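Summary of the model geometry
Chain by chain, the residues:
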Amino acid sequence: KEIYLIEKSLAIAVGSGLLLKEPKGHLIVDMGGGITEVAIISLGGVVVSQNIRIAGDKLNEDIIRYIKDNFKLAIGEQTAEKIKINIGSAVPTHTAGDPKYMIIQGRDLTKGLPKEIKITEKEVRDAIGESLEIIIQTIKNTIETAPPELIPDIMNHGILLTGGSSLLKGMDKLIESSTGLE
C-alpha cells in the first residue's frame, strides 16, 4: 500500500543480494546508457556517490565522431551501437596476428555517396578511450572520498559492476587493472 523511492544503487544492492544492514562497505558501479553512477553503500544507505554523463550513449557518440574525423564517413547511432557491441573493447582482446575488424557502411562526407570502410578493434578502443578513462577516474575519486574504515570491506568484496555498458568486452579487466580491485 505504500511506495518508497530509493536510490538506484541501493536497489541494485538489494537485487544483488547484498546485506544492507551490515556495517560493511560495498562499491557499486552502474554503467547505463546515459549515466555512470559510482556509489559506496553501507548500513542501508549511500555513503558516497558520484554520477557522470558518460556511459553507453557517449561511447556511441565517440565512435561516430572518430569515424567522421578519421574516415570522413557519416554513420548513425545504430551503426555505432553495432560497432561497440561487436568489436568494441576496453582492453585488447585479440591475438597479435588476428586483429578483429568490422566492415561498415555510411555516407562519404567528401563526395556525399555511399562508402564502405574497415574499422578495427584498436580503432574503436582509441575512439572510446578518453571516455573510459573518465569513468575510471570517477571510480578512483569515489574510493578516495570514502571513509577509511570502509576501504578494507571494498578491498575484500571488490566492485559490483552493473548496467548494459558494463558488458563492453574487457571493462571489468580495465577497472581491475586501474584500481587493483576485483
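My aim in this report is to walk through the structure given alongside it, one point at a time.

What counts, and where the lines are drawn
Residues numbered from 1 in each chain as written. Predicted model: local features only at pLDDT ≥ 70, side-chain atom pairs only at ≥ 80, totals over all residues. Heavy atoms only, no water. Pairing = 2+ DSSP bridges. Helix = DSSP H or I, 4+ residues; strand = E, 2+ residues; numbered from the N terminus. Axes fitted to C-alpha atoms, helices over the stretch in contact; angles between N-to-C directions. Contact = heavy atoms within 4.5 Å. 1 Å grid on protein atoms, 1.4 Å probe; cavity = no way out; pocket = protein on both sides within 12 Å on 5 of 7 lines; lining within 4 Å. Points joined across faces, edges and corners; volume = space filled by probe spheres on them. Nonpolar A, V, L, I, M, F, W, Y, C, P; charged D, E, K, R; others polar. Phe/Tyr/Trp six-rings, centres within 6.5 Å; stacked < 30°, edge-to-face > 60°. Lys NZ or Arg CZ within 6 Å of the ring centre and 35° of its normal. Buried < 20%, exposed > 50% of the residue type's maximum accessible area, 1.4 Å probe, protein only.

Here we take up the sheet that holds strand 7 (residues 159-162). Strands sit in the order 3-2-1-7 across an open sheet of four strands; the sheet is mixed. Among the strands making up the open sheet, the edge pair consists of strand 3 (45-52) and strand 7. For this sheet the average axis-to-axis angle between neighbouring strands, irrespective of direction, equals 15°. Each of strand 1 (26-31), strand 2 (36-42), strand 3 and strand 7 touches helix 1 (residues 8-15); the most contacted strand, strand 2, lies at about 65° to it.

Turning our attention to the layout of surface pockets. Its boundaries defined by the atoms lining it, the largest pocket holds a volume of some 200 Å³. The wall of the largest pocket is formed by 15 residues, among which Lys 84, Ile 85, Gly 164, Ser 165 and Leu 168 lie closest to the centre. For the lining of the largest pocket, the secondary-structure elements that each account for two or more residues are helix 2 (56-71) and helix 3 (77-87). The element that contributes the greatest number of residues to the lining of the largest pocket is helix 2, accounting for four residues. Residue composition of the lining of the largest pocket, grouped by class: four nonpolar, seven polar and four charged.

Here a ring pair, both rings aromatic, is described through the centre-centre distance and the interplanar angle of the planes. Under the criterion given, the structure shown has zero aromatic pairs. Looking at Lys 118, its charged tip hangs above the ring of Tyr 101, at a distance of 4.8 Å from the centre.

In this section: unusual backbone geometry. The phi angle at Leu 43 is positive, at roughly 50°, despite the residue not being glycine. When you line up the elements, Leu 43 lands in the loop between strand 2 and strand 3. A positive phi is found at Lys 72, a non-glycine position, where the angle reads about 55°. You can see Lys 72 is positioned in the loop between helix 2 and strand 4 (73-74). The partly exposed category is assigned to Lys 72, whose relative accessible area is 41%.

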